[in-house]
Amino acid sequence: MRGQIANFSPQHGQGIIMGDDGKNYPFTSQQWQQATAPMAGQQVEFSVDAQGYAVAVVGIAAGNAVNLNKPIDSTIAPIPHGYTTANPTTANYGQVTHTAGMNAVNPAWAIEENYGFFDWVKKSLSNYANFKGRARRKEYWYFYLAWFMLYLGGAIIDYMIGTDGIVAGLISLALVIPNIAVGVRRLHDVNKSGWWMLIAFIPIIGGIMLLVWYCTDTKPNVNQWGAPARRLP
């Protein structure tokens, strides 16, 4: 697979590759197959292991590299934000300190600026069982709203035809996997492991903590789950 190095920390020997498939792949210096150090914006070829990490990373000719300090689309306004890893839990993944090139790391940001309700729901459903990556608040809450509306509609049908919750139950069962997946990606976007969803089993307190995290804005740093889910001012 081919991709582009989004960020690399020489101090920690870790970085992120933005693959041509639009996904982000963490890698370490041990997987770098060349004598020169990897640099942000460098085009590479790599394989992906079972854990979703980039391995056997090889740089492509320097002439093919893309400059991260120049936006891919000149019509997209530069992003005046220096992304850093102030959070100690993600500091091992280095820094992205350039201010104008983050569109090159995640060009989907520009497209998603015009997303509506159905677009966000479609995106969540297209990532039906994707527990990697990050999801911004709009993606999570629009999908949750769609799920609630469908469940409520099913409950009304159950009441009208006397099916004792069968329709509503089938709707919930059909959407349980994408519901969990988008919740996991939302936690990733605030630098939390998806396993924190299990805190919901703690009465009251667990639910409140999850609600706070789900309402928390995108953290402005590249972490082990990829680049921020949205463009930040």
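Shown above is the structure to which this text applies.
Attention in this report is confined to the structure presented alongside it.

Scoring rules and cut-offs
Residues numbered from 1 in each chain as written. Predicted model: local features only at pLDDT ≥ 70, side-chain atom pairs only at ≥ 80, totals over all residues. Heavy atoms only, no water. Helix = DSSP H or I, 4+ residues; strand = E, 2+ residues; numbered from the N terminus. Buried < 20%, exposed > 50% of the residue type's maximum accessible area, 1.4 Å probe, protein only. Pairing = 2+ DSSP bridges. Axes fitted to C-alpha atoms, helices over the stretch in contact; angles between N-to-C directions. Phe/Tyr/Trp six-rings, centres within 6.5 Å; stacked < 30°, edge-to-face > 60°. Contact = heavy atoms within 4.5 Å. Parallel < 35°, antiparallel > 145°, perpendicular 65-115°, else oblique. Expected span 1.5 Å × (residues − 1). Bend = angle between axes of the 7 residues up to and from the residue.

### Here's the deal with the overall build of the protein chain
And then number 1: On a plain count of helices and strands, the protein chain comes out with 6 helices and 5 strands.
And then number 2: Evaluated residue by residue, the protein chain yields a buried proportion of 41% over its 233 residues.

### Re unusual backbone geometry
And then number 1: The backbone phi angle of Asp164 is positive, close to 55 degrees, even though this residue is not glycine.
And then number 2: Judged by its relative accessible area of 76%, Asp164 is exposed.

### Let's talk about the sheet that holds strand S3 (residues 24-28)
And then number 1: On the basis of which strands lie adjacent, the open sheet formed by 5 strands has the order S3-S2-S1-S4-S5 and antiparallel pairing. The open sheet has two edge strands, S3 and strand S5 (54-59), and neither has a second partner. Sheet twist, expressed as the mean angle between neighbouring strand axes with direction ignored, is 40 degrees.
And then number 2: Sheet analysis places strand S1 (residues 2-9) next to strand S4 (residues 43-48), joined by 3 bridges and oriented antiparallel. By the bridge assignment for S4, Gly3 is matched with Val44.

### Description of the packing of aromatic side chains
And then number 1: Overall, the coordinates contain 12 aromatic pairs when judged by the stated rule.
And then number 2: Taken together, a centroid distance of 6.3 Å and an interplanar angle of 20 degrees make the contact between Tyr140 and Tyr144 stacked. Of this pair, Tyr140 and Tyr144 both sit in helix H4 (residues 137-161), 4 residues apart, roughly one helical turn.
And then number 3: Classification of Tyr140 by relative accessible area gives buried; the value is 7%.
And then number 4: Tyr144 sits in the partly exposed class, given a relative accessible area of 33%.
And then number 5: Taken together, the aromatic side chains of Tyr140, Trp141, Tyr144, Trp147, Tyr151 and Tyr214 make up a single cluster linked through ring pairs.

### Topic: the pairing of strand S2 (residues 14-19)
And then number 1: The element S2 is extensively covered by neighbouring structure, given that 6 of its 6 residues are classed as buried.
And then number 2: Burial along S2 is two-sided: Gln14, Ile16 and Met18 facing one way and Gly15, Ile17 and Gly19 facing the other are all buried.
And then number 3: Pairing between S1 and S2: 6 bridges, direction antiparallel. Bridge pairing in S2 links Asn7 to Ile16.
And then number 4: In this sheet, S3 lies alongside S2 in antiparallel orientation, the contact comprising 5 bridges.

### Some details on the environment of Met1
And then number 1: Mapped onto the fold, Met1 is located in the segment before S1.
And then number 2: The class of Met1 is partly exposed, set by a relative accessible area of 44%.
And then number 3: Dropping the residues within four chain positions of it, Met1 is found in contact with Gly19, Asp21, Tyr25, Val44, Glu45, Phe46 and Val48.

### A few points about the packing of helix H5 (residues 166-188) against helix H6 (residues 205-215)
And then number 1: Packing of H5 against H6 brings their axes to within 9 Å, and their N-to-C directions diverge by 70 degrees. What the angle tells us is that H5 and H6 run roughly perpendicular. Of H6, the residues touching H5 (which contributes Gly183, Arg186 and Leu187) are Leu210, Trp213, Tyr214 and Cys215.

### Considering H5
And then number 1: With 23 residues, H5 should reach 33 Å at 1.5 Å per residue; the first-to-last C-alpha distance of 33 Å fits that figure.
And then number 2: The largest bend in H5 amounts to roughly 50 degrees and is located at Leu175, with the proline Pro178 lying one to four residues further along.
And then number 3: Considered for burial, the residues of H5 that qualify are Ala168, Leu175, Pro178, Asn179, Ala181, Val182, Gly183, Val184, Arg185, Arg186, Leu187 and His188.
And then number 4: On its buried face, H5 sits against helix H3 (117-126), H4 and H6.

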